[in-house]
Amino acid sequence: NAGVTQTPKFQVLKTGQSMTLQCAQDMNHNSMYWYRQDPGMGLRLIYYSASEGTTDKGEVPNGYNVSRLNKREFSLRLESAAPSQTSVYFCASRPGTGRAQPQHFGDGTRLSIL
Amino acid sequence: QQPVQSPQAVILREGEDAVINCSSSKALYSVHWYRQKHGEAPVFLMILLKGGEQKGHEKISASFNEKKQQSSLYLTASQLSYSGTYFCGPQNAGGTSYGKLTFGQGTILTVHP
């Protein structure tokens, strides 16, 4: 019962370094999402992939890129990390974009940028 | 654009009731509700569908007002296990919003013995 798996769980970077956060789901879901969570700001959508082969921007895409590698995997890349990107990052998936389909979240990646 | 949740925080004693509201500036297709315990991932509670149908698995109820573009979550006879942050995630109807799930800023619920 793995569900949504995120790696790594914790990471510390220096300003300017690059990093890819990995996300994989084993539920055969079509849609996948990346959120960041900051105190008082809730969950903000960075990018999402409604289905394999498509990606779209969310509310806060600047400074990030994504790749939907295949149906299972959806990665998030920080090309040049900035302290403002210190956050907890959650990946989520759902069967599709239909209105009655819940999201399943991974355990998160806690990222600190110094 | 993020939906707006109110109140931002609420403190209860076991057995008391609470209502959490969620308002969207766009037409709603459905509203998802999630709960997050400290240091953990958000967990699905229920989905409210346009037309009034509700899908979920917990003993917590909710309503969906299409005209007002609002949803409310009702927690009755609260238990200690209800403590956490509650998020609403409206799915807006049509256009470029299709498929996107945007969450509110969260409501922190604390239940004391």
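The model shown is predicted, which means the values in this text are computed figures rather than measured ones.

Rules used throughout
The residue numbering used here restarts from 1 in each chain and proceeds along that chain's sequence as written. As they are written, the chains are lettered A onward and the ligands numbered 1 onward, keeping that order. For this predicted model, a pLDDT threshold of at least 70 governs which residues receive local features, and a threshold of 80 or more governs which side-chain atom pairs are given and counted, while totals over whole chains, interfaces and linings are taken from all residues. Think of the side-chain values as coming from all heavy atoms in the structure, minus any hydrogens and water. Strands here mean DSSP runs of E at least two residues long; helices mean DSSP runs of H or I at least four residues long; both are numbered from the N terminus. Relative accessibility under 20% of the residue-type maximum defines a buried residue, over 50% an exposed one, and the middle range a partly exposed one, all with a 1.4 Å probe and only protein chains included. Here a polar contact is recorded for every N or O atom pair within 3.5 Å, except that within protein the pair must consist of a potential hydrogen donor and a potential acceptor, and residues adjacent in sequence are included only if both atoms are side-chain atoms. Whether two residues touch is decided by their heavy atoms; if any such pair falls within 4.5 Å, the residues are in contact. Note on pairing: DSSP must find at least two bridges between two strands before they are called paired. Here, axes are lines fitted to C-alpha atoms. For helices the fit covers the stretch in contact, and angles between N-to-C directions go from 0 to 180 degrees.

S.K.: Looking at this structure, how should I read the side chain of His29 of chain A?
M.R.: All names here are of chain A. Its location among the elements puts His29 in the loop between strand S3 (19-25) and strand S4 (31-38). A relative accessible area of 6% means that His29 is categorised as buried. A polar contact is formed between the side chain of His29 and the backbone nitrogen of Arg94, at a distance of 3.4 Å. With sequence-adjacent residues up to four places away left out, His29 is seen in contact with Arg68, Lys71, Ser93, Arg94, Pro95 and His104.

S.K.: Looking at this structure, how should I read the sheet that holds strand S8 (residues 74-78) of chain A?
M.R.: Strand pairing within a sheet occurs via backbone hydrogen bonds; the two strands may be parallel or antiparallel. All names here are of chain A. Strand order across the open sheet formed by four strands is S1-S3-S8-S7, with antiparallel pairing between neighbours. Single-partner strands in this sheet number two, and they are strand S1 (4-7) and strand S7 (64-68). Sheet twist, expressed as the average angle between the axes of neighbouring strands with direction ignored, equals 15 degrees. Pairing of S1 with S3 involves four bridges; the strand directions are antiparallel. The partner of Thr5 across the bridge, within S3, is Ala24.

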